[in-house]
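The chain contents come next:
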Amino acid sequence: MKKILCALLCAVMLGSFAAFFAGCGQSAGAGEVNVFCWGDYFAEGQDDLRNVLEEFEKETGIKVNYTTYETNEDLYNMLKSSNVSYDIVVPSEYLISKLIKENLLQEINYDNIPNYKYINDRFKHLDCDPDSKYTVIYQWGVTAMVYDKTKVKNKPKDWDALWDESLKGDILMINNSRDAMAIAMQLCGINPSTCTKEDIDKAAAKLREQKPLLKKYVMDQVFTEMETGQSAIAPYYAGDIAMMMEENEDLDYVLPENGSNLFYDAMCIPTCSKNKENAEKFINFMQKPDVAAENCKYLRYGCANDEAVKLLDEDIRESELTFPPEKYLDKCYVFSNLDDDVYEYMQAQFVKIQAE
Amino acid sequence: MKSKKLAIPYMLWMLVFTMIPLVMIGFTAFTDNSGSFSLSAFADAFQYTNVFLKSLWIALISTIICLIIAYPLAYMISQMKKSTQNTVIMLVMIPMWMNFLLRIYAWVLLLQSGGPLDTLLSAIGIHGNYNNNTVAVIVGMVYEYMPFMLLPIYTVMGKIDVGLIEAAQDLGSNKVAVFRKVIFPLSVPGIISGITMVFVPTASTFVVAQYLGGTDDIMIGDVIDKIFFANNHTGAAISLVLMVFILIFLVLMNLFGDEEAIA
C-alpha cells in the first residue's frame, strides 16, 4: 500500500513538473491572447466600470490570459532569457527602444488596427519608435508633486521643495533610481534623458544632500502616507496623485515649473508571439473610444485616444493631472534607453545613497 | 534499501531546487558581465559592509528579545493543562495565518502619528511618531518571528520527563535549582533551534525595514533586492557573503549545543 502511495505521489510530482515546464514553454493554441502587462492596468469591473477584458472575450471569442510583471526590468528579463510566449507586452518608453534594438519586438500590421487613427499625433511617432512600426501607445503620464496644504504653507513651485529644510522629516522621496535621479538632475540643470556617469555623480551628491531631510523612500506606501496626512510632500506619478487627492481633501498637486518626466507605456507584440493576429485584435479593441475611455476613468493616466477623451466626464478631462496642458508637456523630457553600464551605475549609486 | 528508494524524490528535489541554484549563485558571484572569472562583484559587495553589520545587529537584538519573551512563555505554557496548552498554542499560531505583509502593515498603522499608540500617549501629553526608526523595525521583527522561537522551545519542554523533575525535588532541590539543573539544560536544543529559526530569516529579510524603518534602516535583504536589477553579480556576491556569515553563526551555535538541534 505504502509503495503504491509513494509511487503515486512521485508520479503526481513529476507530472506537475512536466506540466509546469510545458506551461512555460508552449504557447497557447488558437483562440487565445497572452497579455503580459503591469498589474491592475485595465478596467475590469472595479468602481462600477465595465470589464473590458471580458467584453473583448465575448466580442471576439478569444480568451485573454492576463499575467503581470512589476518592473520593466522583470519584463525585459522574461523576454530576453526565458522560453516564453507572450502576444502583448506593455513596456515603458526607455525599454521599448532597447527591445527594438535587440530585435525582441515585431512590426505591427497597422491595417489591422483601424482605431489607430484616433491616436493623438503627439503620441504617434514616439521617440523610441520614430517610424511607428512597433508600438501603439496605451497610457501616458507625467511625474508631479503632491503636498499637504496643512503642512506646506506656500504652494511649492519646483522640485526644490523636496529639499526644503523647514519640512525636515516630513518629506518623502520616490524609491526608484531613475525617477529620483531624474529629479535631482533637473535641479542640477542636467537633461536626464541623455545622462552620463558624471551627471549621475552630480545627481547622487544632490540626493545625498536631501537624505537627512527625508522621512522615507517610498513607492506604493506613498498612498497611505499622504492620504492619512502622515507626510508633507512627495513626488509621484500624476495619475496616482489624482487618486490620493480624492481620498484626502487637504492634498494638492504641483506640476513643477521646469517640467518633469513624461512617461508612457505602449502595447507591443514581442517576437515570441504566436498569436499575432489576436494580439492586433486586442490592441485595436483597447483603442475603441468607449473602451479606452473606460480604462482612463479607472487608471486616471493620460489617454492618447482623442475620441475617447471626448467621452470622458468633464472633471477628468479638465484635470491637469490626467491631462497636463500642452504647454507643460512641451517642457517635459522623455527617458531614453541608457547604456547598460550607465544604468547599472545609476542603480548602484542610488542603492549606495540609501545604504550609507 | 527501501529507505533509499523512498529518498529519491527528495534527493531530486534538493538537487533541482537547492544544489543547482546554489551553484548558479556561486557561479554568478565569481564572474563578471563577460562571463570570465572575476572578484569585482565581491569588491562591490564589501562596499555594503555597514549594511551587513546593521542587519546582523538588528537580527541579533531581535533574536535576543524573542528569546527573552518566548522562553518564560514556553515554560508557562508547558506547565498548563493539556487542553489549555492547545488553546494557547492555537492563539499564538492564528496571527500567522494572516499574510506577512498585512501584519507589517498593521504595525505601520499602529505606530504612525495619530495612530492608536500616539493617541494613547497623547493623553498623558506625549506626542510623536513611533514609526520609521530602528526600534520599530525590531518591534516588527520580534512580532513576526516570535512564534518560531516559542514553538521549538515549547515542544522540547513538553517532552521533559516529569520523573526527572520529581527526582531533583526528592534530592532536595528547590525550584530554582530544579530549573537550573534540570529544565534549562534539557531545553537547550529547543533554544538553539529557536535562535536559528529566528536569526537566519531576520538577518536576510526585506520589506519589514522598508515599511517600518526610516531612511537609515536599510537591511541587506533590501540591498540585494535593489542591486539585483542592476547587477546580478554583485547581488549574488552579497547573498553569498550573507550565507557565509549565517553559516559561521550556525557553526558557533553548534559549538554550544546538540548537533541534532540545528535546523
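Basis of the calculations
- Residues numbered from 1 in each chain as written.
- Chains lettered and ligands numbered in written order.
- Predicted model: local features only at pLDDT ≥ 70, side-chain atom pairs only at ≥ 80, totals over all residues.
- Heavy atoms only, no water.
- Core = buried A, V, L, I, M, F, W, Y, C linked by side-chain atoms within 4.5 Å.
- Buried < 20%, exposed > 50% of the residue type's maximum accessible area, 1.4 Å probe, protein only.
- Helix = DSSP H or I, 4+ residues; strand = E, 2+ residues; numbered from the N terminus.
- Domains from an automatic or database assignment.
- Contact = heavy atoms within 4.5 Å.
- Buried area = accessible area lost by both parts, 1.4 Å probe.
- Salt bridge = Lys/Arg side-chain N within 4 Å of Asp/Glu carboxyl O.
- Polar contact = N/O pair within 3.5 Å; in protein donor to acceptor, adjacent residues only side chain to side chain.
- Disulfide = S-S within 2.5 Å.
- Axes fitted to C-alpha atoms, helices over the stretch in contact; angles between N-to-C directions.
- Parallel < 35°, antiparallel > 145°, perpendicular 65-115°, else oblique.
- Nonpolar A, V, L, I, M, F, W, Y, C, P; charged D, E, K, R; others polar.
- Phe/Tyr/Trp six-rings, centres within 6.5 Å; stacked < 30°, edge-to-face > 60°.

**So, the nonpolar core**
Residues and elements named next belong to chain A.
Here is step 1: Phe42, Met181, Phe282 and Met286 are the most contacted members of the largest nonpolar core, which totals 124 residues.
Here is step 2: Broken down by element, the residue count for this core peaks at 9 residues, all from strand E5 (residues 136–148).
Here is step 3: No fewer than three residues from each of domain 1 (30–135 + 268–324) and domain 2 (141–262 + 333–355) sit in this core.
Here is step 4: Excluding its chain neighbours within four sequence positions, the residues that come into contact with Phe42 are Val35, Cys37, Val52, Leu53, Tyr66, Tyr138, Met267, Phe282, Met286, Asn295 and Tyr298.

**Some thoughts on the interface of chain B and chain A**
Here is step 1: Taken together, the contact between chain B and chain A spans 28 residues of the former and 25 residues of the latter.
Here is step 2: Taken together, the two surfaces of chain B and chain A that pack against each other cover about 2,500 Å², and 58% of this comes from carbon and sulfur.
Here is step 3: For chain B, the biggest contributors to the area lost against chain A are Thr215, Lys226 and Phe229 of chain B; these three give 26% of the whole.
Here is step 4: Our count for the contact surface shared by chain B and chain A stands at 1 salt bridge.
Here is step 5: Here Lys211 of chain A makes a salt bridge to Asp216 of chain B, at a shortest N to O gap of 3.3 Å.
Here is step 6: Inspection of the chain B/chain A interface yields 11 residue pairs in polar contact (both at pLDDT 80 or more).
Here is step 7: Counting only elements with at least two residues in the side of chain B that touches chain A, the list comes to helix H1 (2–29), helix H3 (49–78), helix H10 (208–212) and helix H11 (220–230) of chain B.
Here is step 8: At 5 residues, the largest contribution of residues to the side of chain B that touches chain A is made by H11 of chain B.

**A few points about the state of the cysteines**
Residues and elements named next belong to chain A.
Here is step 1: Scanning the entire structure with this criterion turns up 0 disulfides over all chains.
Here is step 2: Free cysteine: Cys37, not disulfide-bonded; nearest cysteine sulfur from Cys268 at 11 Å.
Here is step 3: Looking at Cys268, it has no disulfide partner, and the nearest cysteine sulfur is the one in Cys128, 7.5 Å off.

**A short note on the packing of helix H5 (residues 177–187) of chain A against helix H6 (residues 197–210) of chain A**
All names here are of chain A.
Here is step 1: Between H5 and H6, the least distance of the axes is 8 Å, while the angle of their chain directions is 95°. Here H5 lies roughly perpendicular to H6, going by the angle between them. Within the contact between the two elements, H5 uses Ala180, Met181, Ala184, Met185 and Leu187 and H6 uses Asp199, Ile200, Ala203, Ala204, Lys206 and Leu207.
Here is step 2: Taken together, the residues of the contact of H5 with H6 break down into 9 nonpolar, no polar and 2 charged.

**Structural notes on the packing of aromatic side chains**
All names here are of chain A.
Here is step 1: Within the structure shown, the criterion is met by 31 aromatic pairs over all chains.
Here is step 2: A ring pair is formed by Tyr236 and Tyr237, whose centres lie 4.9 Å apart and whose planes are at 50°; its orientation type is tilted.
Here is step 3: For Tyr236, a relative accessible area of 3% translates into the label buried.
Here is step 4: Residue Tyr237 is classed as buried on the basis of its relative accessible area, which comes to 14%.
Here is step 5: Their ring planes at 65° and their centres at 5.9 Å tell us that Tyr333 and Phe335 sit as a pair that is edge-to-face. Across the pair, Phe335 and Tyr333 agree in class, each one buried.
Here is step 6: Members of the aromatic cluster, joined through ring pairs, are Tyr41, Phe42, Phe56, Tyr66, Tyr138, Phe282 and Phe285.

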